[in-house]
Each structure stands twice: as structure tokens, then as C-alpha cells.
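Chain by chain, the residues run as shown.
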Amino acid sequence: MPRLDATTLPTLGPSVWTPRYDRSAVGVGIVHLGVGGFHRSHEAMYVDRLLESGQAQDWGICGVGVLPSDRRMAEVMAAQDCLYTLVVKHADGFLDARVVGSVVEYLLAPDDPEAVVEKMAAPGTRIVSLTVTEGGYNTSPDTGAFDTAAPDVVADLQPGALPRTTFGLVTEALVRRRERGLAPFAVVSCDNIPGNGHLARAAFGAFATLRDPELGEWVAAEVPFPNSMVDRITPVTTDDDRADLARRFGVEDAWPVVCEPYTQWVLEDAFPGGRPPLEDVGVQLVDDVAPYELMKLRLLNAGHQVLGHLGRLAGHAYVHEASQDPLFREFLLGYLDEEATPTLPPVPGIDLRRYRADLVGRFANPAVRDTLARLCENASDRIPQFLLPVLRADLAAGREIRRSVAVLAGWARTAEGTDDTGRPVELSDPRRDALLARARDADPLAFLRERDVFGDLAEDPRVAAAFTETLTSLRRRGTRATVEDLVRGRRVR
Ligand SMILES: NC(=O)c1ccc[n+]([C@@H]2O[C@H](COP(=O)([O-])OP(=O)(O)OC[C@H]3O[C@@H](n4cnc5c(N)ncnc54)[C@H](O)[C@@H]3O)[C@@H](O)[C@H]2O)c1
Ligand SMILES: O=P(O)(O)OC[C@@H](O)[C@@H](O)[C@H](O)[C@H](O)CO
């Protein structure tokens, strides 16, 4: 079976959709930093739809890997002429496969930062988009302040340094555009962060200010940073996914992407330099993204955290297993109805009850095979963005907090190293060492005292009492008995 590339594309069987447009005529209008699974299932898919409909010929994508760990992606992109297969997994087992052609170029920044800067500085580039994870904005989860002491940032600020961070690369490109009299591009964060555009403006503005205060003012005033809400569950590609694609569709693809059928992109319409007609392919262009984003982060992403830590402790491996387990399903619904939803403003055009019901159905899709381990990775970046805003809003309003706090206790319990069956549970987190040390401390509140993650939550008597009770119960009686008490509204013993 031939490997997917531009020459083998015409030989693929009729069961796979392939681009009918001429990729060689597509110019780059978007440079995307952080080409992982999600960019390829989402933004690149929308641009591919546009190109397929005969539009947006000058809005092709140049992908960029910022980190050395993106080398594997660079190799696959080079070998496959930037083509890859997007496999949509329906709950009944039906698979839909499409080769996406909208990424027309790929650059690995550590190999050639100058080429990346020049690509962003090129007149045709009008959007630089990002999926560099919640941790990629170099800000403290507690205070939101830009970390000026991060070694890579310090290195990027040395005069004449070859940029290696997102901030160094993007800022150098903006400086060159300004010198050349070109309008700045819009920077579009597609990461799951409340006010992702605002956060990006603050982070890039802070970096530019460190380089030159006047430049910082110019970035904050002149560069558009539209906010966005993005949604499509995209698990990590597995060897089984690759083998299935070869067996069922006759495509040999070294790095396909798999995802659920659902997709949503709500985008603030703030593109003075122009944008592709994304509304023609289902993107919602709005004036204010905030209500959509709060809904998604507090229901879906925080809901993932709710299932993830406690589900893992109880021995579940997959999201669909935990959400099909009646006990965890009820616990999740209780969190959504009683703790998350009361914190949300009305969302234009959306019935929240319907949204919640659909969400539980999406989580239960057995074909997606999203792992709880993926959701629990980097929790110290995710929990402060997704779950703590809910907990803080409920605390301030004097509402129910027990389920949110139980998730924190579940996370603390996993940091002790094993699940309820005694199997090891790995903590994959940038703050792993600090969290493991706290989990070994005799003080039951030690974990919650990690200020960089939780701020001053341990000092709140309601939180402290609920956390201590739940953690003690998880240790003594196990996860199911503890969750059962929470679901039944009983005091956790
Ligand atoms: N996977 C999903 O279901 C999903 C859905 C919606 C939104 N997202 C958003 O997309 C992000 C990426 O998800 P993914 O599934 O593509 O992950 P992934 O692991 O497949 O890709 C992550 C990419 O980010 C890059 N990256 C990480 N840290 C970085 C840093 N400090 N600087 C520069 N680049 C960095 C990596 O090198 C990689 O290219 C998520 O963190 C989330 O904010 C993901
Ligand atoms: O990818 P993250 O870090 O934002 O969060 C983990 C999951 O909750 C997330 O990937 C969801 O699957 C996604 O946000 C669905 O759109």
C-alpha cells in the first residue's frame, strides 16, 4: 500500500474523500503555531472546506512546530507533502475519512527560526493562529502574570538572539512588518482558555514591552487578538487508528487525526486585515465570544476534569467508560446542573439543557476512545482555567461546591501514586515534582496549598473542610463509596 503523499493521492479508493482543488495554486494566508491533533481536526478542516468550495485560495496554512519535540510532525509533514487523513468517528462505529489539503507548508522553528519569522512577516500572511496548550502562554495560573524569568523568554530577549519561543518568533515578525510598512497580522489563540484573545494580548504585549516599552504599547494597541471558542474532541492518534485507516480505507498515513463528529468555532469578528469567509463553512462570527466560551470551558472542559481524576481512581481508562457508568454519569450531571450552570450567563441562541444533554452523549461516544489519562495531563494548567473559576464563583455566591472540591481531592489522591485497585497512576504535569511532594506531606491540606495553582483556596474554611473530608474518605473508603455519598447528598464520612 503506497504511503499518502501528493503523487499517491489520485490512487486512493472512492471510500476516502480527497481534495478536488489544486493545492499548488493555494497561497499561504495563515501561519499556525502548534500543529497537533486539534489544529488538524478543526481550523485546518474549516479552511479545507472553504478551499473545496472554491473559496479562500489565498488562505492556505503554513504549519509551524515551535518545540524540538515537533520534529516527528515535521518529518511526517515532509514525507506526506503536508497531507493527512481526518477520520471522524460516529457513535455507531461508522467512520468518515477525508484527506485534508489546506496545510500547504510546514516549518520547524528550531531548525530555521529565520524562515518562520519571514513567513509570518510576508505580506500574504494576515493571520497567525495558535494551539500551543494552556501552558503555552507563559503565565502564572494563579495571577495570570507573564513569567518574565522563564529561561527561554530571557534568552529570546538577548540582543541578536535567534528566537525560540512563540513570543520571540511572533514579536520579531511583527517588528519586521512594522519596519516594512505592513499592517500587523491578527493573532488568533485557539487554546481553551477563558478570554484566550485577552490573555494572548497580555502575554505578547508583556514580551514586547520587555523588548522595548514603545513596541509593547504598539502591540497592545495595533495588533488584533480576537477571542475564540473552539470545540471538537480530538484524542491522541493511536497505532490502532493507523491500522484501521489502512485496513478499512487503504490509506497508509503515518499520522492521521481522529475526532468526534461534533465541531464548533465561535470567533470574535475582529480582523481589520481581512479573514477567510469562515461563516460559509459553519464558523459563528460574533461580537462577544465570552458567554459561549464560559459555557464550553465550564461544562465541557471542566466536565472532563470531573470525570477524569475520579474516574481514573475508580479504575476507568476511557471517557466513554466513565460517562456510561451510572454513578459517574450522575455525579457529572450533578456538577453540570448544580455547580457549573448557575455560574453561566445566558448564551445567545443556546438552550443550556439541550447543550448539557448533548455533551453527555458526546462523552459517551464509544468510538472516540478518548482516554482519561489525556484529560488529566497538565492538570495544573487546566484546572485553574476550567474548574477553579466555577468553584470561586459558587463560593462567592454561597452555592454548592462539594463536587468541584471532590475533583481537587481526587487529583490529590492520584498524586499519591495508585488507583483504588492498587495500580500505579502516572501524573504527567509540568509541576509534577512539587505536587508529588505535597501529596506525601502529612498535612491533609498540603496539596491545596500549592499557591501557584490554587491561590488562597486552602484558606477558605468551606473548601478546606470539604477537601479534607473527601480526601480522607477517598483514602479510607475508596472512590465509589465517596462519590456515592456525594451523589446521594449525604455527608462524606
Ligand atoms: N484535543 C482537543 O480535543 C482540543 C479541543 C479543543 C481545543 N484544544 C486546544 O488545543 C491545544 C492543543 O491540543 P492538541 O490536541 O492539538 O495537542 P497536541 O499535543 O496534539 O499538540 C500540541 C501542540 O502544542 C505545541 N506546544 C505545547 N507547548 C508549547 C509551547 N510552550 N510553545 C509552543 N508550542 C507548544 C506542541 O509542540 C504541539 O505542536 C489544547 O491544549 C487545547 O487548548 C484541544
Ligand atoms: O485540550 P485541553 O488541554 O484544553 O483540555 C482537555 C480536554 O478537555 C479538551 O481537549 C477537550 O477534548 C476539547 O476542548 C473538546 O473541544
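Residues numbered from 1 in each chain as written. Chains lettered and ligands numbered in written order. Predicted model: local features only at pLDDT ≥ 70, side-chain atom pairs only at ≥ 80, totals over all residues. Heavy atoms only, no water.

Draft legend 1. Fine view of the overall build of the protein chain. Helix and strand counts for the protein chain come out as 21 helices and 12 strands. Projected onto its principal axes, the C-alpha coordinates of the protein chain cover approximately 65 × 55 × 40 Å. Expressed as a percentage of contacts within the protein chain between residues at least 6 apart in sequence, the contacts between residues at least 24 apart total 76%. Carbon together with sulfur atoms contributes 51% to the accessible area of the protein chain, which is approximately 19200 Å² in total. Considering the protein chain, the positive charge centre built from 55 side chains and the negative charge centre built from 72 side chains are found 5 Å apart. (Helix = DSSP H or I, 4+ residues; strand = E, 2+ residues; numbered from the N terminus. Contact = heavy atoms within 4.5 Å. Areas by Shrake-Rupley, 256 points an atom, 1.4 Å probe, with all protein chains shown as cover. Lys, Arg positive; Asp, Glu negative; His and termini not counted. Charge placed at Lys NZ, Arg CZ, Asp CG, Glu CD.)

Draft legend 2. Fine view of the site of ligand 2. The environment of ligand 2 is made up of 13 residues, and the closest members are Glu 134, Asn 192, Asp 231, Lys 296 and Arg 382. Between Asn 192 and ligand 2, the recorded distance is 2.6 Å, taken from a side-chain N or O atom to an oxygen atom. Between Asn 301 and ligand 2, the recorded distance is 2.8 Å, taken from a side-chain N or O atom to an oxygen atom. Surface burial for ligand 2 is 90%, taken as the share of its 390 Å² of free accessible area covered by protein chains. Residue assignment for the shell around ligand 2 shows that the elements contributing at least two residues are helix 10 (290-313), helix 14 (372-376) and helix 15 (379-386). Top element by residues in the shell around ligand 2 is helix 10. It accounts for 4 residues. (Near = heavy atom within 4 Å. Polar contact = N/O pair within 3.5 Å; in protein donor to acceptor, adjacent residues only side chain to side chain.)

Draft legend 3. Spatial organisation of the pattern of salt bridges. In this structure the tally under the stated criterion is 44 salt bridges. Taking the shortest distance from any N to any O, the salt bridge between Glu 459 and Arg 451 comes out at 2.9 Å. Under the relative-accessibility criterion, Glu 459 is labelled exposed at 54%. Across the salt bridge formed by Glu 484 and Arg 488, the nearest N and O atoms sit 3.3 Å from each other. Of this pair, Glu 484 and Arg 488 are both found in helix 21 (residues 479-488), 4 residues apart, which corresponds to roughly one turn of the helix. (Salt bridge = Lys/Arg side-chain N within 4 Å of Asp/Glu carboxyl O. Buried < 20%, exposed > 50% of the residue type's maximum accessible area, 1.4 Å probe, protein only.)

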